[in-house]
Amino acid sequence: MLGERQGSQSHFNDLCRLLGEPTPTEADPDGIWYAFEKGAEKTGGGKGWADVWKRKCFAWEYKGAGKDLTAAFAQLQRYSLALENPPILIVSDIQTIVVHPNFTNAVNKPYTITLRDLEREDKRRILKLAFTDPEQLRPEVTREDVTKEVAKEFAEIAIALQSRGQAPEKVAHFINKVVFCLFAEDIGILPANLFTRILETAIRKPERCRPMLAELFGAMKDGGNFGADDIEWFNGGLFEDSEVLPMEVKDLRLVLKSARRDWSVIEPSIFGTLFERGLDPEKRSQLGAHYTDQVSIQRIIEPVVIDPLLREWEEVKGKVRVQVAQAEGAQSKAVEKRLRNEVNQKFLDFRTRLRDFRVLDPACGSGNFLYLALRGLKDLEQRVLLEWEEFEKTAAFPSVGPENVMGIEINPYAAELARMTIWIGEIQWMLQHGFSHSRPVLNKLDQIACRDALLNADGSEAEWPAADCIVGNPPFLGDKKILTELGDEYVGVLRRAYDGRVPGGADLVTYWFAKAADCLEAGRAQRAGLVATNSIRGGQNRKVLDRIRDAGTIFNAWSDEDWVLEGASVRVSIVCFAKIFSGKRCLDGREVSDIYPDLTAHEAGAATGTDLTLARQLVENQNVIFMGSTKVGAFDIPGDLAREWLQLPANPNGRPNSDVVKPWSNAADLTRRPSDTWIIDFGVDMSEREAALYQAPFQYLLEHVRAERQNNRRGAYGISWWRFGETRPALRTKLAPLRRSIATPSVSKHRVFVFLCKSVLPDHAVFVITREDDTTFGILHSRFHEQWSLGLCTWLGVGNDPRYTPTSTFETFPFPAGLTPNIRADQYAADPRAQRIAEAAKELNRLRDNWLNPPELVKRIPEVVAGYPDRIVPVSPEAAGKLKKRTLTQLYNERPAWLDHAHRALDAAVTAAYGWPAGITDEKALAQLLALNQERSAK
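Across its full length, the chain carries 33 helices and 30 strands. Principal-axis analysis of the C-alpha atoms places the extent of the chain at approximately 115 × 75 × 60 Å. Of all 939 residues assigned to the chain, the portion counted as buried reaches 54%. Taking as baseline every contact in the chain between residues at least 6 positions apart, the subset at least 24 positions apart corresponds to 70%. For the chain, the computed accessible surface area is about 40,800 Å², with 50% contributed by carbon and sulfur atoms. Charge separation in the chain, taken as the distance between the mean sites of 121 positive and 129 negative side-chain charges, equals 2 Å.

This is the structure:
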């Protein structure tokens with residue numbers, strides 16, 4: 001009679017013949033990719049991790065007749081990692097074959113096939129696909145699909161309960177208890193269908209709902225009985241109370257509908273986010289919006305948490321291999337025993353390292369980062385256990401668990417959901433890998449604290465617990481929004497507490513970077529990885545990265561990535577840093593030698609790198625560039641109204657309205673078509689009495705500006721309501737002697753410069769270079785200044801447009817010697833270098849203007865008063881339609897050959913002015929510019 005192993009192999013070979021498939025011995029005699037008895041000899045009898053294994057197809061475990069196939073499946077799950085995570089796990093007792101799809105992120109349902117079923121073609125096809133094309137057995141429904149549906153359903157329940165006067169916090173806590181019961185029921189921790197049966201009874205007899213659920217919650221608190229059913233000890237804080245909120249029959253029906261879904265497969269990495277949106281009234285509008293995916297979060301978890309530990313384990317294994325070989329060749333039992341003990345101690349030490357490892361997310365939200373960090377640590381430990389089993393033939397139980405992760409979260413909805421996410425993720429992982437859940441089912445997670453991560457209640461700086469790693473996605477609030485969102489008082493206390501570490505005007509997210517840097521410097525953490533808006537690469541924000549780089553190293557970064565923040569798409573930078581780091585450094589997925597604070601890099605293999613963060617402001621560039629005026633109110637008017645006022649008789653003071661009514665230009669006027677918008681400008685110090693003498697403009701401000709400024713603005717904004725919020729007197733003084741100036745948008749897709757007539761008032765979104773010469777214009781419009789500005793700018797919005805920042809992009813830029821902004825243009829007018837640049841700049845401007853305003857499409861009309869630029873208007877409606885597409889942005893999007901040639905001529909003139917070789921590369925030019933900056937700033 002055949003033994004169990006022989007019988008199973010004979011059975012498998014027979015199946016191969018039935019399916020027209022080669023046997024393992026026929027297909028792969030060496031057993032490299034298809035084999036019986038795959039893997040190491042296991043403790044407790046039996047050989048291999050699977051009875052049959054086919055790479056990228058399946059692992060198959062046989063059991064004797066009547067044996068527990070559930071236990072066999074658990075065994076395969078436990079060893080799945082060692083088997084290269086096959087997409088299909090199959091168990092059989094000869095009479096029955098159970099095919100378990102094992103796809104990540106899928107709602108995997110098993111197929112059961114009996115011997116009699118093998119007569120059916122559809123059943124044989126399932127087995128055939130497992131051998132040949134397992135991908136076709138991937139379920140169509142994903143775990144995200146299920147999670148989205150249940151989140152949507154429970155949002156309806158939350159809305160209904162809150163609409164009947166229940167406090168949002170109570171609703172959230174009650175729903176979390178219900179959610180966990182549904183999960184516990186479907187994974188078998190609660191008795192089968194117990195919660196569903198309660199709901200079915202409650203729909204028939206609504207008055208019994210509250211007492212039944214209260215009794216169940218009470219039993220779950222400490223363990224006990226619910227009727228004839230034994231209830232395990234759950235609690236963990238979630239079931240500390242047994243309060244049940246009143247639900248109507250329609251609520252119960254919705255819960256019952258949701259109960260019939262498979263809660264065992266909900267996806268923890270998005271569960272908390274979606275439920276938080278459903279439970280928090282302020283976030284319900286985001287319920288259907290996108291969420292941050294696992295791949296994005298793993299860009300921090302892997303390099304910060306997992307990869308360094310994996311390197312440590314590889315070092316341990318290398319030492320173990322040496323000692324195992326020495327033990328096997330030992331001349332005495334005593335030496336062998338000593339070496340074996342040392343080997344075992346290395347394993348125990350590393351397991352202790354993993355068990356004691358701590359990951360902190362100090363802005364943990366609903367726990368996505370913590371869940372993925374925990375899952376990564378548990379996967380790593382499982383790998384360690386399996387590889388150790390190969391060495392010592394000894395199986396071990398996992399020790400990594402929820403206590404390995406810690407969080408801080410100010411939102412109470414999110415903090416409780418973070419705990420729920422960790423609980424569910426932990427239980428799912430244990431069951432999916434063939435282990436039982438812990439007892440009690442839920443351990444308290446007090447290490448996920450609900451509090452402010454930056455300040456204590458008394459205004460002192462909050463402290464973070466010590467951890468090995470700090471990870472997370474702190475809140476994004478720009479400098480202007482911080483006051484609006486957090487209030488003057490809080491922001492004042494915050495800035496005083498972090499004075500010297502976070503510069504004034506920096507985004508809120510930089511405070512988390514500063515605190516993480518503190519922890520690294522104090523030895524309270526080893527590594528950190530945080531997400532920030534991509535503006536952290538420049539301006540005031542970058543100063544926190546300067547400090548991090550000065551005290552340590554940035555070892556992994558993604559400079560400019562799509563991200564989802566509360567349902568909205570944003571552009572972010574991901575920065576991983578440490579005080580000491582010995583692994584490879586990567587920027588945007590490629591290996592580099594060094595990463596600079598602006599998240600550019602010294603490329604691997606390059607002799608030198610250009611670290612533009614070393615650039616300093618230059619004296620010769622000071623007091624040249626200015627921001628335009630900030631109006632703070634509806635001072636702008638349409639052109640037709642302006643012309644009406646300009647043609648009115650003189651005012652009571654004998655002065656025309658042209659004194660205070662001027663053409664206005666914002667960034668869109670520069671990059672698109674002029675909008676014919678004008679503005680009322682009462683200057684820097686005109687009194688209210690003087691302003692009132694300009695009757696029509698002043699009356700307009702009385703009606704459209706005064707109320708807003710006096711009611712909603714404090715200080716000077718409310719007092720001097722008829723003047724702009726920021727009048728920019730220094731800019732006006734510098735413009736006074738000029739006939740024109742050079743302007744550029746603060747934010748634009750392409751870095752373009754234009755000339756503005758001195759009579760045109762620029763908006764705050766326009767930066768004005770107070771020079772009127774073509775040479776300066778040409779230097780600024782060269783590719784060298786463009787590349788310099790891109791290297792030192794910040795970035796804004798989903799479109800990820802570069803933001804020109806005067807202090808970092810203009811005031812650091814070294815102009816060619818003798819052509820610097822502190823020298824008057826007439827002083828270098830005879831310089832051939834200046835003449836060549838000016839000639840090329842004039843030609844560029846001429847060609848651009850001809851394209852923007854071709855004579856057959858426009859006519860130029862003198863303004864109603866002298867001194868203002870001519871109006872450019874379309875000659876017909878058809879021409880107006882064509883002109884809409886003729887903008888500077890569109891021109892540079894298309895970049896036709898003639899434009900490219902004009903810029904090349906300009907670049908050649910600027911190249912010669914610097915004395916550089918023709919054809920110099922951007923990288924070499926940047927290096928030369930940085931050297932010039934360093935030389936001049938050192939003087």
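This part takes up the environment of Asp773. Along the polypeptide, Asp773 turns up in the loop between strand E26 (766-769) and helix H26 (774-780). Residue classification places Asp773 among the buried positions, given a relative accessible area of 10%. Non-local contacts of Asp773, meaning those with residues more than four positions away in its chain, are made with Arg740, Ile742, Phe755, Ala825 and Tyr828. A polar contact is formed between the side chain of Asp773 and the backbone nitrogen of Thr776, at a distance of 2.9 Å. Among the polar contacts listed, one links the side chain of Asp773 to the side chain of Tyr828, at a separation of 2.8 Å.

Let us now look at the layout of surface pockets. For the second largest pocket, the calculated volume is near 1,600 Å³. For the second largest pocket, the lining is made up of 50 residues, of which Gln77, Asn102, Gln428, Gln432 and His433 are closest to its centre. Taken together, the elements giving at least two residues each to the lining of the second largest pocket come down to helix H3 (69-78), strand E4 (88-92), strand E5 (96-101), helix H11 (294-328), helix H13 (368-392) and helix H14 (412-432). If one sorts the elements of the lining of the second largest pocket by residue count, H13 sits on top with 8 residues. In terms of residue class, the lining of the second largest pocket is built from 21 nonpolar, 19 polar and 10 charged.

In the predicted model, the chain carries a mean pLDDT of 89, and the fraction of residues at 70 or more is 94%. Strand E27 (residues 794-796) is the least confidently modelled element of the chain, averaging 69 in pLDDT, while strand E9 (residues 359-361) averages 98, the highest of any element.

On to the pattern of salt bridges, then. Following the criterion strictly, the structure yields 59 salt bridges and no others. Glu843 serves as the salt-bridge partner of Arg846, at 2.8 Å between the closest nitrogen and oxygen. One end of the pair, Arg846, and the other, Glu843, are both in helix H29 (residues 832-852), 3 residues apart, so they sit about a helical turn from each other. Arg846 sits in the partly exposed class, given a relative accessible area of 43%.

The next subject is the packing of helix H27 (residues 783-792) against helix H33 (residues 922-937). At a closest axis distance of 10 Å, the pairing of H27 and H33 adopts a crossing angle of 75 degrees. When the interaxial angle is binned, H27 and H33 end up roughly perpendicular. Residues Arg783, Phe784, Gln787 and Trp788 of H27 touch H33, and the partners they reach there are Asp922, Ala925, Leu926, Leu929, Leu930 and Asn933. Across the contact of H27 with H33, the residue classes tally to 6 nonpolar, 2 polar and 2 charged.

Turning to the packing of helix H5 (residues 143-163) against helix H6 (residues 168-186), a few remarks are in order. Where H5 contacts H6, the two axes come as close as 10 Å, and the packing angle between them is 145 degrees. As for how H5 packs across H6, the hand of that crossing is right-handed. Contact residues: H5 offers Phe154, Ile157, Ala158, Leu161 and Gln162, while H6 offers Pro168, Val171, Phe174, Ile175, Val178, Val179 and Leu182. Classifying every residue of the contact of H5 with H6 gives 11 nonpolar, 1 polar and no charged.

Take the sheet that holds strand E2 (residues 50-54) next. Spatial strand order, E1-E2-E3-E4-E5-E6: 6 strands in an open sheet with mixed pairing. Looking along the sheet, the strands with just one partner apiece sit at the ends: strand E1 (34-38) and strand E6 (111-114). Strand-to-strand twist of the sheet, defined as the mean angle between neighbouring strand axes without regard to direction, takes the value 20 degrees. Taken strand by strand, helix H4 (residues 121-132) contacts E1, E2, strand E3 (58-62), E4, E5 and E6, and its axis lies near 115 degrees from that of E6.

With respect to the element layout, Glu61 can be found in strand E3. Despite its burial, Glu61 pairs with no opposite charge; the closest candidate is Lys63, at 4.1 Å N-O. Among the polar contacts made by the side chain of Glu61, one reaches the main-chain amide nitrogen of Asp51 at a distance of 3.4 Å. Beyond its immediate sequence surroundings of up to four residues, Glu61 is in contact with Trp49, Ala50, Asp51, Ala72, Gln75, Leu76, Ile90, Val91 and Ser92.

Left-over empty space is what a probe sized like a water molecule reveals as it rolls over the atoms. For the structure on display, the rule yields 1 cavity of 30 Å³ or more. There is about 60 Å³ of room inside the largest cavity. Lining the largest cavity are Ala517, Leu520, Glu521, Ile548, Ala551, Gly552, Thr553, Phe577, Ala578 and Lys579. Where the lining of the largest cavity is concerned, the elements lending two or more residues are helix H17 (509-521), helix H18 (542-551) and strand E15 (568-578). It is H17 that contributes the most residues to the lining of the largest cavity, 3 residues altogether. For the lining of the largest cavity, the per-class residue count stands at 6 nonpolar, 2 polar and 2 charged.

In this section: the side chain of Ser746. Relative to the elements of secondary structure, Ser746 occurs in the loop between strand E23 (740-745) and strand E24 (754-757). Look at Ser746 and you get buried, because its relative accessible area is 13%. Ser746 has contacts with Arg751, Ala765, Val766, Phe767, Pro802, Arg803 and Tyr804, leaving out every residue within four places of it along the chain.

Arg439 connects to Pro440 through a cis peptide bond whose omega is 0 degrees. Note that Pro440 resides in the loop between H14 and strand E11 (448-450). In this structure, Lys56 takes a positive phi of about 65 degrees despite not being glycine. By the element assignment, Lys56 lies in the loop between E2 and E3. Look at Leu599: it is not a glycine, yet its phi comes out positive at around 60 degrees. Tracing the backbone shows Leu599 in the loop between strand E17 (590-595) and strand E18 (601-603).

Parameters and conventions
- Residues numbered from 1 in each chain as written.
- Predicted model: local features only at pLDDT ≥ 70, side-chain atom pairs only at ≥ 80, totals over all residues.
- Heavy atoms only, no water.
- Helix = DSSP H or I, 4+ residues; strand = E, 2+ residues; numbered from the N terminus.
- Buried < 20%, exposed > 50% of the residue type's maximum accessible area, 1.4 Å probe, protein only.
- Contact = heavy atoms within 4.5 Å.
- Areas by Shrake-Rupley, 256 points an atom, 1.4 Å probe, with all protein chains shown as cover.
- Lys, Arg positive; Asp, Glu negative; His and termini not counted.
- Charge placed at Lys NZ, Arg CZ, Asp CG, Glu CD.
- Polar contact = N/O pair within 3.5 Å; in protein donor to acceptor, adjacent residues only side chain to side chain.
- 1 Å grid on protein atoms, 1.4 Å probe; cavity = no way out; pocket = protein on both sides within 12 Å on 5 of 7 lines; lining within 4 Å.
- Points joined across faces, edges and corners; volume = space filled by probe spheres on them.
- Nonpolar A, V, L, I, M, F, W, Y, C, P; charged D, E, K, R; others polar.
- pLDDT = per-residue confidence, 0-100.
- Salt bridge = Lys/Arg side-chain N within 4 Å of Asp/Glu carboxyl O.
- Axes fitted to C-alpha atoms, helices over the stretch in contact; angles between N-to-C directions.
- Parallel < 35°, antiparallel > 145°, perpendicular 65-115°, else oblique.
- Left-handed = near helix turned anticlockwise from the far one by under 90°.
- Pairing = 2+ DSSP bridges.

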